[in-house]
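In case you want the letters, here they are:
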Amino acid sequence: MITGKMFRDGIISAANNIANSRQAVDALNIFPVPDGDTGTNMSMTIGAAAKEMAVLPDDCTIGEASTRCASALLRGARGNSGVILSLIFRGFSKGFKGLDEADGTAVAHAFTEGVDAAYKAVMKPTEGTILTVIRKASEAANDLASTNADPFKVAFSALMAAKEALAKTPEQLPVLKKAGVVDAGGQGLVLIFEGIESVLANDVIIQPVAGSSVTPVAMPSKSTVAEASDDIEFGYCSEFLIEKSNAAKEKDPLKLRAFLESIGDCVVVVDDSDIIKVHVHSNEPGNVIQNALKYGQLINIKIDNMRYQHRNANEGVKEGEKPVMPKAEPVNEYGFVAVCAGEGLSELFKDIGADVVVSGGQTMNPSTDDILNAIMATPAKKVFVLPNNKNIIMAAEQAIPLAEGREVRVLQTKTIPQGISAMLMFDDTEDIDANQMNMMDAAENVATAQVTFAARDSEVEGKPVKQGDIMGICNGKIKFVGPDIADITFKSVEKLLKKKQDGIITLIYGEEADEEMATQVEEKLRAKYGDDIEISIVDGGQPVYYFIISVE
């Protein structure tokens, strides 16, 4: 029988195994845009569960362990791949509910529940992805369980089927075959299953490898809790290593130190031959991570909320208990939570009515728990959440049933301009359903372009893209590639104007662009289209994107 202890140790082993291969899984992503990649998202998601598992006793039941695991995964889910992973394990917890130990039939049933949960959450399931891998694993488990109740053999058959399904993903998705890679989400799931199998087959927990993004496997002791008052100025302690890269956009660690000192304190930036060690206390962990990514790959990432730690220590919260949630009384009828990165964008969303802004976006997807905490900190009965990124929508939706005492609506805004337009359409005289419909209509009426750099070599519509190239992404598709930021920005605006010739243009420049560059683009546009077009220039301060453009 598979015991609770085996399940507990298996999750810790799985978290370490995918953390060890996180960068390799990230590299499987084909789209060259810098983003919160699959390996990172899945590693951070199951890392939240490993932390929860580490405090369970040896005599825990598999029902208890799987329930605690599913809860931690749900709250820690980041990105679409992380959400799907959490749903798979939520299904596992349903299959193991109430059991002390699991036989082969229970294991097969758990896989069935996992597949059902994952597929139900995806509106248009795509075969050749993580969904195919878990479905094939489930089919193999159920086939064997019908004649053999040995849970270890059933689990092993599922793993073998998952590997086989993963190998076939390039045959199901031509884009994978052309790139010569397997599906990143499926690979992440196989790594997780391999970590569990190591415990089931050999009673061996796979250990972290030096240089990996190590998953925490134990709760911090109270001796490590920050000794500070509840009015701690900078609430988040961020620690990580940067693995230097010749292809990195930035080389000088002193520039990183200057940036960190501008947004926080207790800054440590130690430059070694191959790595840069970073430590900082700030209120913007997302911006810390996004800026650091310019210097190379990040490893050993650790972010702690010192205010929660201190509060929990003062109130006697025991290891393994849920942290105190910073609730606000729902005194208002409506409230808003927006996700964005960049001081200018954060201030903009607050100016147009956002109660809480969650720092995040490309390269740093906030978890479901991050969004849930923001919802609960919003002093409103009805809360609209604007993810402003397609890879954050699913994580935001997972927070809906967790937000006790709030009615939450997640607007499927995929870009910053969509989020801004949606908020501007809000009418407090309308009910929540009418507002949701009107706000999404406004969001969908916005044409958006983003100008960024290629994070990796790739190929787009038969044309090669080299790491470092400037790309113009119009309504989600890479349309322009070249060496000049201003030129690509101008071409991207032109592309949007073809559909909305009398549109209002907004140029939001990021931290790696400036007003002079934005003005240069504006002058080229006026030279071609005349002075009748309306152009606004906004300092967004966003990382990753030189420009975010909207035409409406």
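Everything below is about the structure shown above.
Residues numbered from 1 in each chain as written. Predicted model: local features only at pLDDT ≥ 70, side-chain atom pairs only at ≥ 80, totals over all residues. Heavy atoms only, no water.

A. Region of interest: the pairing of strand β17 (residues 534-539). Direction of pairing for strand β16 (residues 504-509) relative to β17: parallel, over a ladder of 6 bridges. Paired with I504 across the strands is E534, a residue of β17. After leaving β16, the chain enters helix α20 (residues 515-529) and then returns to the sheet as β17, a path that is right-handed. (Pairing = 2+ DSSP bridges. Helix = DSSP H or I, 4+ residues; strand = E, 2+ residues; numbered from the N terminus. Right-handed = clockwise from strand over helix to strand, strands pointing away.)

B. Local environment of empty space enclosed by the protein. Counted by the stated rule, this structure contains 1 cavity of 30 Å³ or more. As a volume, the largest cavity reaches approximately 250 Å³. Lining the largest cavity are 16 residues; nearest its centre among them are F92, F111, A155, I196 and L200. Mapped onto the lining of the largest cavity, the elements with two or more residues apiece are α5 (79-96), α6 (104-121), α8 (151-172) and α10 (184-202). Of all the elements, α10 adds the most residues to the lining of the largest cavity, at 4 residues. Each residue belonging to the lining of the largest cavity can be placed in one class, and the counts come to 15 nonpolar, no polar and 1 charged. (1 Å grid on protein atoms, 1.4 Å probe; cavity = no way out; pocket = protein on both sides within 12 Å on 5 of 7 lines; lining within 4 Å. Points joined across faces, edges and corners; volume = space filled by probe spheres on them. Nonpolar A, V, L, I, M, F, W, Y, C, P; charged D, E, K, R; others polar.)

C. Up close: a negative patch on the surface. There is a patch of like negative charges on the surface, built from E343, E347, D351, D514, E515, E516 and D539. Elements supplying a minimum of two residues to the negative patch: α14 (343-351) and α20. With 3 residues, the top contributor of residues to the negative patch is α14. (Patch = residues over 30% accessible without salt bridge, like charges linked within 9 Å, V, L, I, M, F, W, Y side chains within 5 Å. Areas by Shrake-Rupley, 256 points an atom, 1.4 Å probe, with all protein chains shown as cover. Salt bridge = Lys/Arg side-chain N within 4 Å of Asp/Glu carboxyl O. Lys, Arg positive; Asp, Glu negative; His and termini not counted. Charge placed at Lys NZ, Arg CZ, Asp CG, Glu CD.)

D. Structural detail: the sheet that holds strand β8 (residues 356-359). Within the open sheet, the 4 strands sit side by side as β8-β7-β9-β10. Their pairing is parallel. With partners counted over all chains shown, the strands left at the sheet margins are β8 and β10 (407-410), one partner each. Geometrically, the sheet is characterised by an average inter-axis angle of 20 degrees between neighbouring strands, direction not taken into account. In this sheet, β8 lies alongside strand β7 (residues 332-340) in parallel orientation, the contact comprising 4 bridges. Of the residues in β8, the one forming a bridge with C340 is S359. (Axes fitted to C-alpha atoms, helices over the stretch in contact; angles between N-to-C directions.)

E. Spotlight on the packing of aromatic side chains. In this structure the tally under the stated criterion is 9 aromatic pairs. Centre to centre, the rings of F89 and F92 are 4.9 Å apart; their planes meet at 70 degrees, and the pair counts as edge-to-face. Remark: F92 and F89 occur in helix α5; sequence separation between them is 3 residues, near one turn of the helix. On the basis of relative accessibility, which here comes to 6%, the residue F92 falls in the buried class. When the ring of F92 is compared with that of F111, the centres are 5.0 Å apart and the planes differ by 65 degrees; the resulting orientation is edge-to-face. One end of the pair, F92, is in helix α5; the other, F111, is in helix α6, with 19 residues separating them in the sequence. The exposure class assigned to F111 is buried, which follows from its relative accessible area of 7%. Here the aromatic residues F89, F92, F111 and F193 are joined through ring pairs into a cluster of three or more. A cation over an aromatic ring shows up here: K524 above the ring of F490, its NZ or CZ 4.4 Å from the ring centre. (Phe/Tyr/Trp six-rings, centres within 6.5 Å; stacked < 30°, edge-to-face > 60°. Buried < 20%, exposed > 50% of the residue type's maximum accessible area, 1.4 Å probe, protein only. Lys NZ or Arg CZ within 6 Å of the ring centre and 35° of its normal.)

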